[in-house]
Amino acid sequence: MTTLVVAVDGPAGSGKSSVSRAAATRLGFDYLDTGAAYRALAWFCLERGIDTYGGDDLIDSLPGFEFSIGTDPDDYFVRVGAETVTNDIREPRVTHIVSSVARVPEVRRYLVKLFRGVIEGSPAAGIIVEGRDITTVVAPDARVRILLTASEEARMSRRSAELTGVDASTTARELASRDAQDSRVVDFMTAADGVTTIDSTDLDFDQTVQAVVSLVRSADPRGTQNT
């Protein structure tokens, strides 16, 4: 049976990672965090002293970037080679340079190919794929396409809770900077045709997860097994 693909876009701090993972668990689906790949590549560059701003060194490093990720939402991990970097990629030093990695077109093309391979290889009934430009570039033909958004204040609060060792003012600056830099590459605040917007500003976590689950169930004529 063809895997049902759910594409979830949204800006930083919108809750798309935690919501998508919880929704995948509830639905019995796989889960793919595409942002982790960009963060893992940024970490890889930092560890090896690779210049992420010039472009050429970064592009040349891609064949040596051995990335793997857990798609079981209950067994999530991120690895580069044999090293588990699930927590390391959330460090401030990684956050500081991830946009310089993500803005390089060759990097995006390389990782989009990787993401599509993970999607095609999923053995589950469905997979929720989240990140930026998922509904328009990575999985434009997904059965369900969602833009998950929230106010800047809500996103800042959520991102502060997600990152370690960063105060609120720093988080606000980095969130604004990330939005500004990423907006040069992809429009992540406007829903494309056929994409459903879920604004989680006034929803708590469980309500947001339920909104995603309900949308998937309404779009899937086969139904889903988990509650």
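Residues numbered from 1 in each chain as written. Predicted model: local features only at pLDDT ≥ 70, side-chain atom pairs only at ≥ 80, totals over all residues. Heavy atoms only, no water.

Asks: What's the story with the overall build of the protein in this structure? I'm lost.
Replies: For the protein, the helix and strand inventory stands at nine helices and eight strands. The proportion of buried residues among the 227 residues of the protein is 50%. For the protein, the accessible area works out to roughly 10500 Å², and carbon and sulfur atoms hold 48% of it. (Helix = DSSP H or I, 4+ residues; strand = E, 2+ residues; numbered from the N terminus. Buried < 20%, exposed > 50% of the residue type's maximum accessible area, 1.4 Å probe, protein only. Areas by Shrake-Rupley, 256 points an atom, 1.4 Å probe, with all protein chains shown as cover.)

Asks: I'm lost on the nonpolar core in this one. Help?
Replies: Note on soluble globular proteins: their nonpolar side chains tend to be buried together. If you look at the biggest cluster of nonpolar residues, it comprises 58 residues, and the most contacted ones within it are V6, L41, V78 and V107. Examining the composition of this core, we find that nine residues originate from one element, helix 2 (residues 35-48), more than from any other. Among residues more than four places away in sequence, those in contact with V107 are Y38, L41, L58, L62 and V101. (Core = buried A, V, L, I, M, F, W, Y, C linked by side-chain atoms within 4.5 Å. Contact = heavy atoms within 4.5 Å.)

Asks: For this particular structure, what's the right way to read a negative patch on the surface?
Replies: Taken together, D51, D56, D57, D60 and E106 make up a surface patch of like negative charges. A total of three residues in the negative patch trace back to one element, the largest contributor, which is helix 3 (residues 56-61). Topologically, D57 is positioned in helix 3. On the basis of relative accessibility, which here comes to 44%, the residue D57 falls in the partly exposed class. (Patch = residues over 30% accessible without salt bridge, like charges linked within 9 Å, V, L, I, M, F, W, Y side chains within 5 Å. Salt bridge = Lys/Arg side-chain N within 4 Å of Asp/Glu carboxyl O. Lys, Arg positive; Asp, Glu negative; His and termini not counted. Charge placed at Lys NZ, Arg CZ, Asp CG, Glu CD.)

Asks: So what exactly am I meant to see when it comes to the sheet that holds strand 8 (residues 196-199) here?
Replies: What holds strands together in a sheet is hydrogen bonding between their backbones, with the strands either parallel or antiparallel. Strand order in this open sheet of five strands is 2-6-1-7-8, and the pairing throughout is parallel. Each edge of the open sheet carries a strand with a single partner, namely strand 2 (30-33) and strand 8. Neighbouring strand axes in the sheet, compared pairwise and without regard to direction, differ in orientation by 20 degrees on average. As paired elements, strand 1 (residues 4-9) and strand 6 (residues 126-131) share six bridges and run parallel to each other. Bridge assignment links V8 to a residue of strand 6, and that residue is E130. Contacting strand 1, strand 2, strand 6 and strand 7 (144-149), helix 1 (residues 16-27) crosses the sheet at an angle of about 175 degrees to strand 6. Seen against the sheet, helix 9 (residues 205-219) touches strand 1, strand 7 and strand 8 and runs at an angle of roughly 165 degrees to strand 7. (Pairing = 2+ DSSP bridges. Axes fitted to C-alpha atoms, helices over the stretch in contact; angles between N-to-C directions.)

Asks: How do you make sense of the packing of aromatic side chains when you look at a structure like this?
Replies: Ring pairs (aromatic) are described by centroid distance and by the angle formed between their planes. Evaluation of the coordinates by the stated rule reveals four aromatic pairs. Centroid distance Y31 to Y76: 5.9 Å. Interplanar angle 45 degrees. Geometry classified as tilted. Of the two residues, Y31 sits in strand 2 while Y76 sits in the loop between strand 3 (67-69) and strand 4 (78-80), which places them 45 residues apart along the sequence. Comparing Y31 with Y76 shows no difference in burial state: the two are buried. One aromatic cluster is present, formed by F44, F65 and F67 through successive ring pairs. Above the plane of the ring of F77 lies R79, whose end atom (NZ or CZ) is 3.9 Å from the centre. (Phe/Tyr/Trp six-rings, centres within 6.5 Å; stacked < 30°, edge-to-face > 60°. Lys NZ or Arg CZ within 6 Å of the ring centre and 35° of its normal.)

Asks: Looking at this structure, I do not really get the sheet that holds strand 5 (residues 83-84). What am I missing?
Replies: Judged by pairing direction, the sheet is antiparallel, and its three strands sit side by side in the order 3-4-5 without closing on themselves. Two strands bound the open sheet, and with one partner strand each, they are strand 3 and strand 5. As paired elements, strand 4 and strand 5 share two bridges and run antiparallel to each other. Among the inter-strand pairings, V80 is bridged to a residue of strand 5, identified as E83. Sheet strands touched by helix 2: strand 3, strand 4 and strand 5. Its angle to strand 4, the strand with the most contacts, is close to 35 degrees.

Asks: Is there a simple way to explain the packing of helix 1 against helix 9 in this structure?
Replies: Helix-helix packing is described using two parameters, namely the angle between the two axes and the distance between the axes. For the pair helix 1 and helix 9, the least separation of the axes is 9 Å and the interaxial angle reads 55 degrees. In terms of orientation, helix 1 lies oblique with respect to helix 9. For the crossing formed where helix 1 meets helix 9, the hand is right-handed. Taken together, the residues of helix 9 that come into contact with helix 1 (itself represented by S18, V19, A22, A23, R26 and L27) are F205, T208, V209, Q210, V212, V213, V216 and R217. Of the residues that constitute the contact of helix 1 with helix 9, the class distribution is nine nonpolar, three polar and two charged. (Parallel < 35°, antiparallel > 145°, perpendicular 65-115°, else oblique. Left-handed = near helix turned anticlockwise from the far one by under 90°. Nonpolar A, V, L, I, M, F, W, Y, C, P; charged D, E, K, R; others polar.)

Asks: Explain the pattern of salt bridges here, please?
Replies: Oppositely charged side chains can pair when the atoms bearing their charge come close. For the coordinates displayed, the defined rule picks out four salt bridges. Residue E47 pairs with R93 through a salt bridge whose shortest N-O separation is 2.7 Å. In this pair, E47 is assigned in helix 2 and R93 in helix 4 (residues 92-102), connecting sequence segments 46 residues apart. R93 serves as the salt-bridge partner of E91, at 2.9 Å between the closest nitrogen and oxygen. Under the relative-accessibility criterion, R93 is labelled partly exposed at 35%. Each of E47, E91 and R93 takes part in one network of salt bridges that share partners.

Geometry only, nothing functional implied.
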